[in-house]
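Architecture at a glance
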Amino acid sequence: ARRGLTDLFGWLPILLEISAFTQGASFVFSTSVPWDRKLVEPVASPLRLTMLDIGNLQQLSDETMFMAKSAVAFALILTYIIMVALRTGAPLVKVVSTLMVAPLCTQLARILDCEHSGPHPHVASAPGMRCFEGIHMKMSVMTWIVGPCYLYVLLMMTGVEGNIYDLDGS
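Just so it is clear, the structure is predicted and the values come from calculations on it, not from any experiment. (Residues numbered from 1 in each chain as written. Predicted model: local features only at pLDDT ≥ 70, side-chain atom pairs only at ≥ 80, totals over all residues. Heavy atoms only, no water.)

Focus on the packing of aromatic side chains
Put simply, the rule is: Between the rings of Phe, Tyr and Trp (Trp by its six-membered ring), a pair exists once the centres lie within 6.5 Å; its type follows the angle of the planes, with under 30 degrees stacked, over 60 edge-to-face, and the other angles tilted. Here a strand is any run of E in DSSP of at least two residues, a helix any run of H or I of at least four, and the numbering for each starts at the N terminus. Exposure is judged per residue with a 1.4 Å probe applied to protein chains only, and the accessible area is read against the type maximum: over 50% gives exposed, under 20% gives buried, and values in between give partly exposed.
Applying the stated criterion to the full structure yields one aromatic pair. On the numbers, 5.5 Å between centres and 70 degrees between planes, the contact of Tyr80 with Tyr150 is edge-to-face. With Tyr80 in helix α3 (residues 62-86) and Tyr150 in helix α6 (residues 135-158), this residue pair connects regions lying 70 residues apart in the sequence. As far as burial versus exposure is concerned, Tyr80 and Tyr150 are alike and both buried.

Description of a nonpolar patch on the surface
Basically, it comes down to this: Residues enter a patch when their relative accessible area is above 30% and they make no salt bridge; the linking distance is 9 Å between like charges and 5 Å between nonpolar side chains (Val, Leu, Ile, Met, Phe, Trp, Tyr). Only the protein chains shown count as cover for residues, and the accessible areas themselves come from Shrake-Rupley with a 1.4 Å probe. Each salt bridge in this description consists of a side-chain nitrogen of Lys or Arg and a carboxyl oxygen of Asp or Glu lying within 4 Å of one another.
A cluster of nonpolar side chains, Phe132, Met137, Val141 and Ile145, forms an exposed patch at the surface whose accessible area comes to about 370 Å². As for its placement among the helices and strands, Met137 is situated in helix α6. Among the residues examined, Met137 registers a relative accessible area of 40% and is labelled partly exposed.

Side note on the state of the cysteines
Filter applied, for reference: By disulfide we mean two sulfur atoms from cysteines, separated by a distance within 2.5 Å.
Summed over the entire model, instances satisfying the criterion amount to one disulfide. Two residues share a disulfide in this structure: Cys114 and Cys131, whose sulfurs sit 1.9 Å from each other. Where Cys114 bonds to Cys131 through sulfur, the torsion about that S-S bond is close to -120 degrees, and the disulfide is left-handed. With Cys114 in strand β1 (residues 114-115) and Cys131 in the loop between β3 (126-130) and α6, this pair connects stretches of sequence that are 17 residues apart. By the burial criterion, Cys114 is buried, and Cys131 matches it.

Rendered as structure tokens:
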């Protein structure tokens, strides 16, 4: 089987272990846990990056950041599915099959995460956006279509450890 760079010369298992640890640790320091923010922020910030939680870099609204992160997640997932179907883009497929699983699934969950406090339900990550109205309704439908497709392809890719060259051609 053809491998080469997609295996990162044997370092990928070590990288995956470190990534899994840091992604798990990022949940420990989430804002929902009552830590002293000043104390844990130096540790929490780099860990959040492993989940692609870049925060609000340009002081954009929560709704804009939510839409941008969701658009990137949808684009990556759709690109991933197409690349697997065409058996091309091995490095990207490998990364999305391994390192990007937790961040992408987290973003898909955030799209469907609604809070029911107040007069109208709103998206937890974007308090100014009403749940299941307008663009959020379209995003929710897209999540319910794209999410299961991603998980199906991901399950298939798990069997070949993210290597598209090991997929059966039929």
